Amino acid sequence: MQKPNKRLENQTCIITGSSGGIGKAVAQAMGAEGANIVVNYRSSKEAAEEVADEINKNKLCGEAIVIKCDVSKEEDVKSMFKKTINHFGTVDVCVANAGLQIDHPLHEMPLEAWKKVIDVNLTGQFLCAKEAINEFLRRGMRKDVSNSLGKIIHMSSVHEEIPWAGHANYAASKGGLLMLMESICQAYAPHKIRCNSIAPGAIKTDINKDVWSTKEGRENMLKLIPYKQIGVPEDIGSVASWLASDESEYINGTTIFVDGGMTCYPGFTTNG
Ligand code: NAD
């Protein structure tokens, strides 16, 4: 549990896909900063309720609620924002985190696998960002809670930069997020909206459990990480809560890599 700092007091944060993994850690970290939290889930209602209960039990100033929504469906995303605004009054921070992998070599990849990953990882983040921007513009500035009109954080990946054979749908979705994030910044920074991405490296969650749960998988993973440490969801939670706070006010339109140096291409350490 992160030490309470209350950097997000009186602000409401939607974190998509936050019933587990990185999203859960972001929800906990933002809850510990005093924010109201929307724990979004697609199918794991019980797990989402546990996350919300835990945040509420810590008796900080905010409140956590759960909302079901499939981020790839526009009507679901609209409804999630409507419910949030009805309950909390507005939205200040949107962390578009939900994502998945469906891996196939490209020449064997079914169109459905391509479409599903793009629909959730890229279109889902577009839909959330669109609703968030509309709410920020509707609500107007609240200088008493933040110097920014609103904050959007896209959960990207080192694969917005590192190509990934066998995972082209995933890499394409994250590469697309880079341009989505930068285009949002270009258009809405003049309105005092901040839009950034976090690019995790290898973080221990369900998405890559098949790799880190075996000794061989862990060893292979560590070869890619100069810092020689697999990340944990809390490594992302602490960066996300700081990135949503005014402490990072002048950061806009950029990706923060949280990867133990993975994007320094350790394979080239000894001349490649
Ligand atoms: P995870 O599988 O634990 O969490 C992903 C969450 O997204 C799950 O709760 C899942 O239910 C939810 N989700 C999937 N489809 C959804 C949909 N249509 N609507 C709503 N929710 C949906 O994995 P994670 O590692 O916590 O992944 C979170 C994000 O971090 C993803 O965007 C992922 O690409 C990114 N990421 C993870 C790593 C890593 O090493 N774990 C590395 C880079 C990027």
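Residues numbered from 1 in each chain as written. Predicted model: local features only at pLDDT ≥ 70, side-chain atom pairs only at ≥ 80, totals over all residues. Heavy atoms only, no water.

The name given to the chain in an unreviewed UniProt entry is Glucose 1-dehydrogenase, with Zobellia amurskyensis as the source organism. Database annotation for the chain, UniProt heading Sequence similarities (unreviewed entry): "Belongs to the short-chain dehydrogenases/reductases (SDR) family." (UniProt positions renumbered as here; feature names shortened; annotations may be inferred.)

A. Region of interest: the sheet that holds strand S2 (residues 36-41). Spatially, the seven strands line up as an open sheet ordered S3-S2-S1-S4-S5-S6-S7, and their pairing is parallel. Looking along the sheet, the strands with just one partner apiece sit at the ends: strand S3 (64-68) and strand S7 (255-258). Neighbouring strand axes in the sheet, compared pairwise and without regard to direction, differ in orientation by 20 degrees on average. Examined bridge by bridge, strand S1 (residues 12-15) and strand S4 (residues 93-96) share three bridges and lie parallel to one another. Each bridged residue has a counterpart across the sheet, and for Ile14 the counterpart in S4 is Cys94. Those strands touched by helix H8 (residues 233-244) are S4, strand S5 (150-155), strand S6 (193-200) and S7, and its axis lies near 165 degrees from that of S6. (Pairing = 2+ DSSP bridges. Helix = DSSP H or I, 4+ residues; strand = E, 2+ residues; numbered from the N terminus. Axes fitted to C-alpha atoms, helices over the stretch in contact; angles between N-to-C directions. Contact = heavy atoms within 4.5 Å.)

B. Geometry of the state of the cysteines. Scanning the model with the defined rule gives zero disulfides in all. We note that Cys128 lacks a disulfide partner, and the nearest cysteine sulfur, in Cys94, lies 4.9 Å from it. This cysteine, Cys195, is not joined by any disulfide, and Cys185 carries the nearest cysteine sulfur, 7.0 Å off. (Disulfide = S-S within 2.5 Å.)

C. Focus on the environment of Asn36. With respect to the helices, strands and loops of the structure, Asn36 is situated in strand S2. Judged by its relative accessible area of 14%, Asn36 falls in the buried class. Ignoring sequence-local partners within four residues, the contact set of Asn36 consists of Gln11, Thr12, Cys13, Gly62, Glu63 and Phe88. Separated by 2.9 Å, the side chain of Asn36 and the backbone nitrogen of Glu63 make a polar contact. (Buried < 20%, exposed > 50% of the residue type's maximum accessible area, 1.4 Å probe, protein only. Polar contact = N/O pair within 3.5 Å; in protein donor to acceptor, adjacent residues only side chain to side chain.)

D. Representation of the packing of helix H3 (residues 74-88) against helix H4 (residues 111-139). In the contact formed by H3 and H4, the axes pass within 9 Å of each other and the chain directions differ by 35 degrees. Remark: the crossing between H3 and H4 carries right-handed chirality. Between H3 and H4, the contacting residues are Glu74, Val77, Lys78, Met80, Phe81 and Ile85 on the first element and Leu127, Cys128, Lys130, Glu131, Ala132, Glu135 and Arg138 on the second. Residue composition of the contact of H3 with H4, by class: seven nonpolar, no polar and six charged. (Left-handed = near helix turned anticlockwise from the far one by under 90°. Nonpolar A, V, L, I, M, F, W, Y, C, P; charged D, E, K, R; others polar.)

E. Representation of the side chain of Ser157 in the model. Inspection of the secondary structure puts Ser157 in the loop between S5 and helix H5 (168-188). Here His159 takes part through its backbone nitrogen, which lies 2.9 Å from a polar atom of the side chain of Ser157. Apart from residues no more than four positions distant in its own chain, Ser157 is found in contact with Tyr170, Lys174, Ile198, Ala199, Pro200 and Phe257.

F. View of the side chain of Gln28. One can find Gln28 in helix H1 (residues 21-31). Among the residues examined, Gln28 registers a relative accessible area of 16% and is labelled buried. Beyond its immediate stretch of four places on either side in the chain, Gln28 contacts Glu54 and Ile55.

G. Broad picture of the packing of H4 against H5. Where H4 contacts H5, the two axes come as close as 8 Å, and the packing angle between them is 15 degrees. With respect to each other, H4 and H5 are oriented roughly parallel. Helix-helix and strand crossings are classified by hand; for H4 and H5 the assignment is right-handed. Contacts between H4 and H5 pair Ala113, Trp114, Val117, Ile118, Asn121, Leu122, Gln125, Phe126, Ala129, Ile133 and Leu137 from the former with Ala168, Asn169, Tyr170, Ala172, Ser173, Lys174, Gly176, Leu177, Leu180, Ile184 and Tyr188 from the latter. (Parallel < 35°, antiparallel > 145°, perpendicular 65-115°, else oblique.)

H. The arrangement of the pattern of salt bridges in detail. Enumeration over the complete set of coordinates arrives at ten salt bridges. With a shortest N-O distance of 2.7 Å, Glu135 and Arg138 are connected by a salt bridge. In this pair, Glu135 and Arg138 are both assigned in helix H4, three residues apart and thus about one turn of the helix distant. With relative accessibility at 54%, the residue Arg138 sits in the exposed group. A salt bridge links Lys215 to Glu219, with the shortest nitrogen-to-oxygen separation between them at 3.0 Å. Taken together, the residues span about one helical turn, with Lys215 and Glu219 both in helix H7 (residues 215-223) at a distance of four residues. Through salt bridges with shared partners, a single ionic network connects Arg7, Glu33 and Glu247. (Salt bridge = Lys/Arg side-chain N within 4 Å of Asp/Glu carboxyl O.)

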